[in-house]
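# An overview of the molecular structure
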Amino acid sequence: MPCVADWLNNPFSIVQGIFAQNVPNSDWEKKVTDYFKEKLKENNATNWVPSLNDVPVHYLKPNSLVKFRCMVQDMFDPEFYMGVYETVDPNTNTRVLHFGKYRDVAECGPQQEIDLNSSQTVTSERQTFYCVPVPGESAWVKEISFLTGASQARVSPSTSYTPSRHKRSYEEDEDMDLHPSKQKEQHIGNYPSSGSNIHGCVEPKRLETEASAGHHLISPNCSPPLDLNFPLPGEKGPACLVKVYESWENFKVNDVLEVYGILSVDPVLSIMNNEESLALDPMECMDTAEEQRVHSPPASLVPRIHVILAQKLQHINPLLPACLNEEESKTFVSNFMSELSPVRAELLGFLTHALLGDSLAAEYLILHLISTVYARRDVLPLGKFTVNLSGCPRNSIFTEHIYRIIQQLVPASYRLQMTIENMNQSRFIPHKDYTANRLVSGVLQLASNTSLVVDETQLEQGQLDTTGVHNVTALGNLITWQKVDYDFNYHQMEFPCNINVLITSEGRSLLPSDCQVHLQPQIIPPNMEEYINSLLTAVLPSVLNKFRIYLSLLRLLDYSISDEVTKAVEEDFVEMRKNDPESITADDLHRTLLVARFLSLSAGQTTLSRERWLRAKQLEGLRKARLQQQKCVNGNEL
C-alpha cells in the first residue's frame with residue numbers, strides 16, 4: 001500500500017498506478033480524485049500538505065502535492081491538452097500509453113517519440129485560473145495557518161531541486177526572477193536539441209540539473225518586469241496559474257478557493273515560451289508576444305498547480321472549521337455559542353476602550369463587523385451595513401490605530417486613505433487589457449467579507465481629475481449597491497461583492513452610508529500610540545482568538561423573523577409614525593430592522609425577539625439624539 005510519502009511527495013506514482021490498472025476505462029480520473037479525497041479525510045491529513053501560502057516555492061519539491069489558499073483574480077481561455085497519448089520506440093516499435101493530465105509537458109523516454117496519429121490519443125480540456133493570495137489577508141491568519149500546518153508538514157529544500165540560496169524571501173525571488181530572459185540566457189547555449197523535441201519530450205534529470213542553476217545567470221537583454229497583478233499595493237506571496245480539470249464552471253472571478261494539486265515549476269516552460277517569443281515577428285505579433293509573456297510567465301515566479309481537489313471557502317478564519325455543516329463542526333459551534341455572552345461583553349469592553357470610551361460607537365462597530373449581504377432583491381443588497389464614524393480627530397493617527405484594532409479581529413482588511421492624490425492616481429476599478437488578454441486588477445477587486453476602512457480624515461481641499469471622479473463614483477456604488485463595474489473598454493460588467501465598509505471622517509462623510517454614528521470620546525489619551533499598544537498588549541491571545549471566532553461565526557449564522565414578531569413590528573412602526581410622522585421614515589424602519597437583526601445575532605439569537613427589537617429602537621434613539629445634539633452645537637448637520 002502507498003505510504004504518506006508516496007501520495008504527498010510523489011503523487012504521480014499514485015496517478016500512474018491507477019492509470020495503469022484502469023486503462024482503457026475512462027473512470028481512472030474519478031478514481032484518482034476519490035483516492036486523494038479519501039486520503040485528505042484522514043486525521044489532520046490536510047495539515048500534512050505543504051502550503052504555498054507559508055512555504056517559498058524553492059523549498060517545495062517539484063511534482064509534490066501542495067495546497068494554496070487564494071482568490072481567483074482572472075480566468076484565462078480554456079486550453080486543450082493530451083489527456084492520454086501513446087509513445088513509440090522507433091527501434092523496437094514498442095508502444096506505451098501515458099497520461100497527460102496534471103502535466104505541463106508531455107513526457108517520454110530518451111528513445112521514444114509521441115505518436116500524434118495514434119487512435120489511443122485523447123484530447124481533453126482544462127481551465128486556467130490566475131490566482132493570488134487573498135487580498136488584505138491579516139497577519140494573524142497567515143501565522144495561525146502556518147503554525148497549524150508547520151506542526152505536521154515537514155518541508156525542506158528538495159533534494160532534486162536545491163537552490164543555493166536558502167531562506168530567501170518572495171521579494172528577493174521576484175527581484176531575481178521577474179525577467180524571463182534571465183533563464184533564457186543560461187539555457188540557450190547548453191540546452192541540447194535532443195533533450196526536447198516538437199512533442200515536448202524532456203529528460204527529467206537534465207531539467208533538474210538545469211533548474212538548480214537557473215536562478216543565477218542574468219541576461220543583459222532584460223524584458224520589462226512582470227506585474228503579478230495583485231489588487232492591493234504592497235502585497236507579498238506567490239501568484240499561481242491554477243489548472244482546473246473538473247467543474248470549473250462552479251467557480252468565478254473573486255471566489256476564494258483552497259486547492260490541492262501537483263506543483264509544477266518545470267524550467268522547460270520558460271525555455272519554450274522564450275523561444276516562441278523570440279520567433280515572433282515584433283512588427284506583426286506584438287499582441288501575441290505580450291499575451292504569451294503574461295499567460296506563460298516563468299514557472300519559478302508564477303508556479304503552476306494542477307488541481308486534484310478544489311473547494312470554495314466560506315471563510316478564511318483558521319480558528320473555525322472550514323465547513324460548518326459537518327457533524328464535528330456543529331459540536332464546535334454549539335460549544336462556542338454556549339459561552340457567547342461573556343465573549344460579547346469582553347469584546348464590547350475592548351472596542352469601547354479602542355473608541356476612547358464611547359460604548360455606543362462600540363455597539364455599532366460590533367454590528368458592523370458581523371454584517372453581511374445575505375440576499376439580493378432585484379438590485380438591492382440586503383444585509384449591508386456601512387457605518388460612517390464621524391467626529392474622528394482630523395489628520396491624526398486615530399483612524400490608523402482603529403484600523404490596527406480591526407486588523408487584529410477580521411481575517412482580511414484594507415485601509416484606503418482618501419487623499420486627493422490617491423483618488424487621482426490609484427487604480428480602483430479592474431479593467432480588461434485586450435493586448436495581454438488579461439484582467440488588470442484594481443483596489444476594489446476584493447474577496448467577500450473583506451473589511452474596507454475608508455479614511456476620510458485625510459481629505460484636503462483639491463481638484464479631482466477624471467480618474468478621481470471615477471474612483472469616488474466606484475466607491476459610492478460599492479457602498480450603495482455592493483457591486484463594482486469592471487471596465488471592459490467597450491462595456492461595463494457588474495461584479496457583485498460583499499464588502500464591509502467603515503468610513504471614518506471628521507464631519508458627515510461625502511460618501512453614502514447606512515448609518516452615521518458620531519464619536520463622543522470620554523477620554524483623550526496624551527499618546528495615542530502608547531494607548532493602543534497597551535490595549536493590544538493587555539488582551540490575552542486566547543481572548544483575542546475568541547473575538548476572531550465570534551465575529552466570523554456570527555456572519556455565517558442563519559436568521560429569521562417569525563410572523564408574530566413581524567406583525568408586532570409593523571404595528572409598532574405605525575404607532576411610531578402616528579407620534580412623529582415627519583422624522584420616522586421607511587428608511588428608519590429598514591435601518592432599525594437591520595440593527596435588530598445584527599443585535600440578535602450578536603447575542604447568538606437567530607430569531608428576532610421583542611426584547612431585541614426594543615433594544616434596537618433604544619440604540620437608534622441614542623444615535624439620532626447624539627446627531628441632533630451635534631447639529632445644534634455646530635449649526636449644521638454632520
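Anyway, here's the lowdown on the structure attached to this text. The residue count restarts for each chain, going from 1 along the sequence in the order it is written. With the structure being a predicted model, the display of local features is reserved for residues of pLDDT at least 70 and the display and counting of side-chain atom pairs for 80 or more, all residues being used for whole-chain, interface and lining totals. With hydrogens and water stripped out, all remaining heavy atoms of the structure feed into the side-chain values.

Our focus in this paragraph is the overall build of the protein. Broken down by element type, the protein carries 20 helices and 19 strands. Every one of the 638 residues in the protein was classed for burial, and the buried ones make up 53%. Pairs of residues are marked as contacts when any of their non-hydrogen atoms sit within 4.5 Å. Long-range contacts, defined here as pairs at least 24 residues apart, represent 78% of the contacts in the protein between residues at least 6 apart. Of the roughly 29,500 Å² of accessible surface on the protein, 51% is carried by carbon and sulfur atoms. Strands are runs of DSSP state E lasting at least 2 residues, helices are runs of H or I lasting at least 4, and numbering of each runs from the N terminus. Burial status follows relative accessibility: with a 1.4 Å probe on protein chains alone, a residue under 20% of its type maximum counts as buried, one over 50% as exposed, and anything between as partly exposed. Here the accessible surface of atoms and residues is derived via Shrake-Rupley with a 1.4 Å probe, and residues count as covered only by protein chains that are part of the display.

Moving on to the environment of Asn500. As for its placement among the helices and strands, Asn500 is situated in strand S18 (residues 500-504). Measuring from C-alpha to C-alpha, the distance between Asn500 and Lys384 comes to 7.3 Å, with 116 residues separating the pair along the chain. When neighbours within four sequence positions are excluded, Asn500 is seen to be in contact with His368, Leu369, Ser371, Thr450, Ser451, Leu452 and Arg555. The term polar contact refers here to a pair of N or O atoms within 3.5 Å; inside protein, the definition further demands a hydrogen-donor-capable atom paired with an acceptor-capable atom, and it admits residues adjacent in sequence only when both atoms are side-chain atoms. Of note is the side chain of Asn500, whose polar atom sits 2.8 Å from the backbone oxygen of His368. A polar contact is formed between the side chain of Asn500 and the side chain of Arg555, at a distance of 3.3 Å.

Let us now look at the nonpolar core. Within the largest apolar cluster, 66 residues are counted, with the highest numbers of intra-cluster contacts made by Phe350 and Leu409. Of the residues that make up this core, three or more belong to each of domain 2 (327-552) and domain 3 (558-637). With residues up to four places along the chain from it excluded, the contact list for Phe350 reads Ile405, Leu409, Leu535, Leu536, Val539 and Phe547. Buried Ala, Val, Leu, Ile, Met, Phe, Trp, Tyr and Cys residues that are joined via side-chain atoms within 4.5 Å together make up what is termed a nonpolar core. All domain edges in this entry derive from an automatic or database-based domain assignment.

What follows is about the sheet that holds strand S15 (residues 451-455). Read from one edge to the other, the open sheet built from 5 strands follows the order S12-S15-S18-S11-S19, with strand pairing classed as parallel. For this open sheet the edge positions go to strand S12 (413-417) and strand S19 (515-518), each flanked by a neighbour on one side alone. For this sheet, the mean angle separating the axes of adjacent strands, direction not counted, is 20°. Being paired, for any two strands, means DSSP has found at least two bridges between them. In this sheet, S15 lies alongside S12 in parallel orientation, the contact comprising 5 bridges. An axis is simply a line fitted to the C-alpha atoms; with a helix, the fit covers only the stretch in contact. Between two such axes, the angle follows the N-to-C directions and lies from 0 to 180 degrees.

The relative placement of two aromatic rings is captured by the distance of their centres and the angle of their planes. Pairs were defined over the aromatic rings of Phe, Tyr and Trp, the Trp ring being its six-membered one, requiring ring centres within 6.5 Å. Orientation was assigned from the angle between planes: stacked under 30 degrees, edge-to-face over 60, tilted for the rest. Per the counting criterion, the structure on display carries 14 aromatic pairs. Between Tyr486 and Phe495, the aromatic rings sit 3.9 Å apart at their centres with planes inclined by 15°, giving stacked as the arrangement. Neither Tyr486 nor Phe495 differs from the other in exposure class; each is buried. Through a chain of ring-to-ring contacts, three or more aromatic side chains come together here, namely Phe12, Phe19, Trp28 and Phe99. The lysine or arginine in question, Arg103, covers the ring of Phe12, its NZ or CZ lying 4.3 Å from the ring centre. Distance and angle both matter: a charge sits over a ring if NZ of Lys or CZ of Arg is within 6 Å of the ring centre and within 35 degrees of the ring normal. Taking NZ or CZ as reference, Arg103 lies 4.6 Å from the ring centre of Phe99, over its face.

Let us look at the pattern of salt bridges. Pairing between side chains becomes possible if they bear opposite charge and their charged atoms approach one another. The term salt bridge refers to a pairing of a side-chain nitrogen on Lys or Arg with a carboxyl oxygen on Asp or Glu at a separation within 4 Å. Counting across every chain of the model gives 32 salt bridges. In this structure, Glu363 engages Arg615 in a salt bridge whose closest nitrogen and oxygen atoms are separated by 3.3 Å. One end of the pair, Glu363, is in helix H12 (residues 359-369); the other, Arg615, is in helix H20 (residues 610-634), and 252 residues separate them in sequence. Taking the relative accessible area as the measure of exposure, Glu363 reaches 7% and is therefore buried.

Next up on the list: the side chain of Gln445. Residue placement: Gln445 occurs in the loop between strand S14 (438-440) and S15. There is a polar contact of 3.0 Å between the side chain of Gln445 and the side chain of Asn254. Contacts of Gln445, omitting those with residues within four sequence positions, involve Met71, Val72, Gln73, Pro135, Pro231, Val253, Asn254, Pro430, Leu439 and Tyr486.

This part is about unusual backbone geometry. The backbone phi angle of Asn229 is positive, close to 65°, even though this residue is not glycine. Secondary-structure assignment places Asn229 in the loop between helix H7 (204-213) and strand S6 (240-244). Owing to a relative accessible area of 2%, Asn229 belongs among the buried residues under this scheme. Backbone geometry places Ser247, a non-glycine residue, at a positive phi of 55°. Its place among the elements puts Ser247 in the loop between S6 and strand S7 (256-264).

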